[in-house]
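A closer look at the structure
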Amino acid sequence: MNIKIAVPSKGRISEPSVNILEKAGLGLIDKNNRKLISKTFNENIEVMFARASDIPEFVNDGVADMGITGVDLIHENEADVEELLDLRFGQTKLVLAAPEESDVNSVEDITEDMKVATEFPVLTRKYLDEKGLNLKIVKLSGSTEAAPFIGIADLITDLTSTGTTLKMNHLEIIDTLLESSIKLIANKDSLNDKKELIESVSTSIRGVLDADRKKLIMMNVKSVDLDKVKEVMPSMGGLTISEVLSTEKTVAVQAVIDEKQVFELVNDLRNAGAMDILVVPIERII
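A few points on the structure. (Residues numbered from 1 in each chain as written. Predicted model: local features only at pLDDT ≥ 70, side-chain atom pairs only at ≥ 80, totals over all residues. Heavy atoms only, no water.)

Pairs of packed helices are described in terms of their axes, by the angle between the two and the distance that separates them. Here helix α1 (residues 14-23) crosses helix α7 (residues 195-211) at 100 degrees, and the two axes come no closer than 8 Å. Our classification of the angle between α1 and α7 gives roughly perpendicular. Note on element contacts: α7 touches α1 through Ile205, Val208 and Leu209, opposite Ile20, Leu21 and Lys23. Its residues assigned to classes, the contact of α1 with α7 shows five nonpolar, no polar and one charged. (Axes fitted to C-alpha atoms, helices over the stretch in contact; angles between N-to-C directions. Helix = DSSP H or I, 4+ residues; strand = E, 2+ residues; numbered from the N terminus. Parallel < 35°, antiparallel > 145°, perpendicular 65-115°, else oblique. Contact = heavy atoms within 4.5 Å. Nonpolar A, V, L, I, M, F, W, Y, C, P; charged D, E, K, R; others polar.)

Counting 48 residues, the largest nonpolar core has Leu87, Ile110, Leu155 and Ile205 as the members making the most contacts within it. Per-element accounting of this core gives the leading share, six residues, to α7. Here Leu87 is in contact with Ile20, Ile68, Ile182, Lys183, Leu184, Ile205 and Leu209, once residues within four sequence places are set aside. Core analysis: the second largest hydrophobic core is formed by 15 residues, Val221, Val229, Met233 and Ile257 among them. (Core = buried A, V, L, I, M, F, W, Y, C linked by side-chain atoms within 4.5 Å. Buried < 20%, exposed > 50% of the residue type's maximum accessible area, 1.4 Å probe, protein only.)

Pairing between the strands of a sheet comes from backbone hydrogen bonds, and it takes one of two forms, parallel or antiparallel. Sheet architecture is open: six strands sit in the order β2-β3-β1-β4-β11-β5, paired in mixed fashion. Two strands in the sheet have a free side with no partner beyond their single neighbour: β2 (37-39) and β5 (82-86). For this sheet the average axis-to-axis angle between neighbouring strands, irrespective of direction, equals 30 degrees. Note that β5 and strand β11 (residues 182-186) share four bridges and pair antiparallel. Across the sheet, the residue bridging to Leu85 is Leu184, located in β11. Its contacts with the sheet place α1 against β1 (3-8), β3 (45-50) and β4 (66-70), and it is angled at close to 145 degrees to β1. With respect to the sheet, α7 is in contact with β1, β3, β4, β5 and β11, its orientation differing from that of β5 by roughly 25 degrees. (Pairing = 2+ DSSP bridges.)

Put simply, the largest pocket is a space of about 880 Å³. Around the largest pocket, the lining is made up of 30 residues, and of these Ala52, Ser53, Leu73, Glu119 and Phe120 lie nearest the centre. For the lining of the largest pocket, the secondary-structure elements that each account for two or more residues are α3 (71-76) and β9 (155-160). Split into classes, the residues belonging to the lining of the largest pocket amount to nine nonpolar, 12 polar and nine charged. If you go around the second largest pocket, you meet 18 residues; those closest to its centre are Lys23, Val208, Ala211, Asp212 and Arg213. Contributions of two or more residues to the lining of the second largest pocket are made by α1, α7 and β12 (214-222). Of the residues forming the lining of the second largest pocket, the biggest block, four residues, is contributed by α1. Looking at side-chain class alone, the lining of the second largest pocket contains nine nonpolar, one polar and eight charged residues. (1 Å grid on protein atoms, 1.4 Å probe; cavity = no way out; pocket = protein on both sides within 12 Å on 5 of 7 lines; lining within 4 Å. Points joined across faces, edges and corners; volume = space filled by probe spheres on them.)

With that settled, the discussion passes to the sheet that holds strand β14 (residues 250-258). Taking strand neighbours across the sheet as the criterion, the four strands line up as β13-β14-β12-β15 in an open arrangement whose pairing is antiparallel. Of all strands in the sheet, those bounded by a partner on one side alone are β13 (240-244) and β15 (274-281). Going from strand to strand, the sheet's axes swing by 20 degrees on average, the running direction of each strand aside. One ladder, built from six bridges, connects β12 with β15; its direction is antiparallel. Each bridged residue has a counterpart across the sheet, and for Ile217 the counterpart in β15 is Val279.

This paragraph deals with the environment of Val201. The residue Val201 is located in helix α7 in this model. Sequence spacing of Val201 and Glu78 is 123 residues, and the spatial spacing of their C-alpha atoms is 24 Å. With residues up to four places along the chain from it excluded, the contact list for Val201 reads Ile3, Ile5, Leu26, Ile45 and Met66.

This part takes up a nonpolar patch on the surface. Where nonpolar side chains cluster on the molecular surface, the patch consists of Phe149, Ile150 and Ile152 and spans about 280 Å² of accessible area. Its place among the elements puts Ile152 in the loop between β8 (136-139) and β9. Assessed through its relative accessible area of 30%, Ile152 is described here as partly exposed. (Patch = residues over 30% accessible without salt bridge, like charges linked within 9 Å, V, L, I, M, F, W, Y side chains within 5 Å. Areas by Shrake-Rupley, 256 points an atom, 1.4 Å probe, with all protein chains shown as cover. Salt bridge = Lys/Arg side-chain N within 4 Å of Asp/Glu carboxyl O.)

Laid out in structure tokens, this is it:
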């Protein structure tokens, strides 16, 4: 039983998508020579490269069993897929914007004779219907920011992460239609028929996410200092303590901690009597 995972072939989320698969143990056998379909180190799992906008439909139709793509594209394609995990990158917003010099400063300023340019006509139509607005939608495939300034439309809906590009193009955000991030999705039939393999992929990727910004800290502690070390030592699930063969009674202590705790904690541990402190990166937590 095999599965295909659809991954964006290019764009800002392509490399992060491949990287998270690699960290989960699903690296491409020939990473430097990408093909439409590439084998991974697991003989039962293949990666299919496709346009991010096509992935929701591919997963919906069963062309791919799993996929990595944005929430905005899932909803724009009205794909009936299972969202398994938020991959915690690619955060963006679909916003409604108008030229800074226009009279539109809020949704209440929009009139029925206006036009909206967008790459997301489905989401834009749903939004306008919710607001009771029957505006003409002009579908574009790029350069949406230019539409108001060349007479194509009065407003736009577009993706933005920081709003910087909109400001550079003298556009002002009026409202937010949707907040988006990158998801791991699955075909619902595949999830039923190939449940074990799909859950293995999902579990491995979740382990990568859970390990993000976590460190394994290890040290030796004289037994007489152990209580002092315990007092300053945080951990996810308690400390692991084992005996060290030494002339003086000593134990080895290890724990998983947040990356942001490392700087202050190392100094606190040294003051409490910890020795030979090691801080090690973690790839996955299962």
